[in-house]
Amino acid sequence: MKQARTQESLVEAARGLRAARMDLSCPSSDIRVSKDLQHVFVGKHKGRFTDHSFRQMCSHLKVPHEYAIRCRDGEYNWRENATETLSRAPFMADQMNNWLEHPVRDTRRLVRGIVEPTGNIDWRAYLSNQYFPLDSFDLLTRVLKECQNVEHLIGPARWASGDINQDNMKVKLVFPGLRQTVRSRREGDVVQWGLFISNNEVGLGKWKIHGFVEFLVCTNGMISSRTLVDQKGEKLTTEKTHRGAAIPLTLEDGIQWSDSVYARANEVQLEMISDTCAHIMRPDNLQKEVALFNRASENTYQIQNPESAIKRLAQREAHVGLTEFEERLIINRLFTAGDRSQFGLAQAICSQEVASPLDYARATEFERLAYNVIAMPGAQWEPIARAA
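Trainee: How do you make sense of the nonpolar core when you look at a structure like this?
Mentor: Side chains of nonpolar character tend, in soluble globular proteins, to be buried together. Ranked by internal contacts, the top residues of the largest apolar core, which has 76 residues, are Val-143, Leu-195 and Leu-345. When residues of this core are assigned to their parent elements, the largest contribution, 7 residues, is made by helix α13 (residues 360-374). Dropping the residues within four chain positions of it, Leu-345 is found in contact with Ile-303, Ile-310, Leu-313, Ile-330, Leu-334, Asp-339, Val-373 and Trp-381. Core analysis: the next-biggest nonpolar cluster, separate from the first, contains 26 residues, Leu-24, Cys-26, Cys-71 and Met-96 among them.

Trainee: What should I look at first to understand the pattern of salt bridges in this one?
Mentor: Evaluation of the coordinates by the stated rule reveals 30 salt bridges. Close ionic contact of Asp-138 with Arg-18 constitutes a salt bridge, the shortest N to O distance being 2.9 Å. Of the two residues, Asp-138 sits in helix α5 (residues 136-149) while Arg-18 sits in helix α1 (residues 7-20), which places them 120 residues apart along the sequence. What makes Arg-18 partly exposed here is its relative accessible area of 32%. With its nearest N and O atoms 3.6 Å apart, the salt bridge here joins Glu-317 to Arg-316. According to the relative accessible area criterion, Arg-316 is partly exposed, its value standing at 42%. Put simply, Arg-21, Asp-23, Arg-112, Arg-124, Asp-135 and Glu-201 are held in one network by salt bridges that share partners.

Trainee: Explain the sheet that holds strand β1 (residues 21-27) to me, please; I cannot follow it from the model alone.
Mentor: Hydrogen bonds along the backbone pair up the strands of a sheet, which may run parallel or antiparallel. Strand order in this open sheet of 6 strands is β1-β7-β8-β4-β3-β2, and the pairing throughout is mixed. At either end of the open sheet lies a strand with only one pairing partner, and these are β1 and β2 (31-33). Recorded for the sheet is a direction-independent mean angle of 35° between the axes of neighbouring strands. Note that strand β4 (residues 45-49) and strand β8 (residues 121-128) share 2 bridges and pair parallel. Residue Phe-49 lies in a different strand from β8, and its bridge partner there is Trp-123. Here α1 sits on the sheet and contacts β1 and β7 (108-115); the angle it forms with β1, its principal contact strand, is near 40°. Running over the sheet, helix α2 (residues 51-60) touches β2, β3 (39-42), β4, β7 and β8 and is turned about 30° from β8.

Trainee: I would appreciate a short explanation of the environment of Asp-259 in the present structure.
Mentor: Structurally, Asp-259 can be placed in the loop between β14 (239-240) and α7 (260-280). Separated by 254 residues in the primary sequence, Asp-259 and Arg-5 place their C-alpha atoms 32 Å from one another.

Trainee: Please explain the packing of aromatic side chains as it appears in this structure.
Mentor: How two aromatic rings sit relative to each other is set out by the distance from centre to centre and by the angle between their planes. Following the criterion strictly, the structure yields 3 aromatic pairs and no others. On the numbers, 5.4 Å between centres and 45° between planes, the contact of Phe-215 with Phe-293 is tilted. Of this pair, Phe-215 sits in strand β12 (residues 207-215) while Phe-293 sits in helix α8 (residues 283-298), and the two are 78 residues apart along the sequence. Per residue, the accessibility class of Phe-215 equals that of Phe-293, and both read buried. On the numbers, 6.0 Å between centres and 80° between planes, the contact of Phe-215 with Phe-343 is edge-to-face. With Phe-215 in strand β12 and Phe-343 in helix α11 (residues 342-349), the pair connects residues that are 128 residues apart, well separated along the chain.

Trainee: Hey, could you run me through the pairing of strand β13 (residues 220-223) in this one?
Mentor: Working note: regular strand, side chains alternate between the two faces of the sheet. The side-chain alternation of β13 yields two buried faces, one formed by Asn-220 and Met-222 and the other by Gly-221 and Ile-223. Pairing of β12 with β13, which is carried by 4 bridges, proceeds in the antiparallel orientation. Residue Phe-215 lies in a different strand from β13, and its bridge partner there is Asn-220.

Trainee: Please clarify how the packing of α5 against α7 should be interpreted in this entry.
Mentor: Helix packing for two helices is described by the angle between their axes and how far apart those axes are. Two elements in contact, α5 and α7, have axes separated by 10 Å at closest approach and are oriented at 40°. Judged on the interaxial angle alone, α7 and α5 are oblique. Crossing geometry of α5 relative to α7 is assigned as right-handed. Residue-level contacts link Asp-138, Leu-139, Arg-142, Val-143 and Glu-146 of α5 to Asn-266, Glu-267, Leu-270, Glu-271, Ile-273, Ser-274 and Cys-277 of α7.

Trainee: What is the right way to read the environment of Arg-328 from this model?
Mentor: Along the chain, Arg-328 turns up in helix α10 (residues 324-337). Note: C-alpha distance between Arg-328 and Ile-310 (18 residues apart in sequence) is 8.9 Å. A distance of 2.9 Å separates the side chain of Arg-328 from the side chain of Glu-307, its partner in a polar contact.

Trainee: Sorry if this is basic, but what is going on with unusual backbone geometry here?
Mentor: Peptide bonds are, in most cases, trans, and in most cases residues other than glycine have a negative phi. Positioned with a positive phi, Leu-37 is a non-glycine residue whose angle comes to about 60°. Inspection of the secondary structure puts Leu-37 in the loop between β2 and β3. By relative accessible area, Leu-37 is classed as buried at 0%. One non-glycine residue, Lys-62, lies in the positive phi region at around 65°. The residue Lys-62 is located in the loop between α2 and α3 (65-73) in this model. Take Lys-62: its relative accessible area is 72%, and that puts it in the exposed class.

Trainee: Even after reading the chapter, I still don't get the pairing of β7, so can you show me in this structure?
Mentor: Burial runs high along β7: 6 of the 8 residues are buried. Between β7 and β8, which pair antiparallel and follow one another directly, the connecting turn spans 5 residues, one of which, Gly-119, has a positive phi of 95°.

Trainee: Where do I start with the state of the cysteines in this structure?
Mentor: Covalent bonding between the sulfur atoms of two cysteines is what defines a disulfide. One pass over the full model with this rule turns up 0 disulfides. Looking at Cys-147, it has no disulfide partner, and the nearest cysteine sulfur is the one in Cys-277, 6.4 Å off.

The rules behind each value
- Residues numbered from 1 in each chain as written.
- Predicted model: local features only at pLDDT ≥ 70, side-chain atom pairs only at ≥ 80, totals over all residues.
- Heavy atoms only, no water.
- Core = buried A, V, L, I, M, F, W, Y, C linked by side-chain atoms within 4.5 Å.
- Buried < 20%, exposed > 50% of the residue type's maximum accessible area, 1.4 Å probe, protein only.
- Helix = DSSP H or I, 4+ residues; strand = E, 2+ residues; numbered from the N terminus.
- Contact = heavy atoms within 4.5 Å.
- Salt bridge = Lys/Arg side-chain N within 4 Å of Asp/Glu carboxyl O.
- Pairing = 2+ DSSP bridges.
- Axes fitted to C-alpha atoms, helices over the stretch in contact; angles between N-to-C directions.
- Phe/Tyr/Trp six-rings, centres within 6.5 Å; stacked < 30°, edge-to-face > 60°.
- Parallel < 35°, antiparallel > 145°, perpendicular 65-115°, else oblique.
- Left-handed = near helix turned anticlockwise from the far one by under 90°.
- Polar contact = N/O pair within 3.5 Å; in protein donor to acceptor, adjacent residues only side chain to side chain.
- Disulfide = S-S within 2.5 Å.

Quick look at the structure:
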């Protein structure tokens, strides 16, 4: 399993991001970009664009992002045989400012920023003012609290791995008290159950809580995508978009998310998270996952041509976007391990050898992919195994 931050380091970073946030809600007419397209003025507050917020603004204004990048970074000869060149950025800045000042419709925006220790601001997101953020620190604090609430039943949670930046958080926790043996070719193959938590604070995703499985023989991990139901038989909420009521205009000192109205809305999400955690941590969910793993281990269809099988898998799971380099990593691990079964391919995908050259976020995607492989019904696995 790919490692990044310790629990103490990640919690401290999440707390710091929460303390440094500056979120403003205003009409687009109160926003303007600098002539060099490097900075944004939100009312009286000046800050730097991030690549992400620049892309979001371009999308909102219907400006092709790549074209805007070329204008921002490009230069031209202002007259024939001129020795000096001029930047194209001011032309694009004038257009963008005109569209911000005179929008097609009333468009209010939520601009999310981080104030650095120097006082400089990074505007990290440019969003609809119906975006309702759930801070990663609040999410993680609630999940850890729920883990403590069940210690008397399943024992304490152990930190498996995690990482965080201004935009995203990903955390994996496991419970050594929730273990079960898997019938695989590997002697003493035991898995332990846990939680995968992720959050995005800049409009690129939802908060998510899923089951997580760690294989103790090799410390490989997989993120469960199995649909869960609650006690009423209804689909359990394991993911939710950051969306709420329109946020009132707040342009001077930033939105105070601790105010009672926002705090109540935040608590509603946190209560939902508590319910989801409590359900996922039930021991019977581990038993259902192990049944899937056993089925994959006992599947008699073996991969005939590894390269063709990985190509077929890449087509089926096109959203993952496997590169040729990544495909080769998986193929090499398949040959090294010598297990061409459905179980073996899943283990190869989330192996340390494959994860090592990847960054933490990409390695986490591979843990999802590995689960999708191991959970495939036989009818879906057979075409991959027999690909020639």
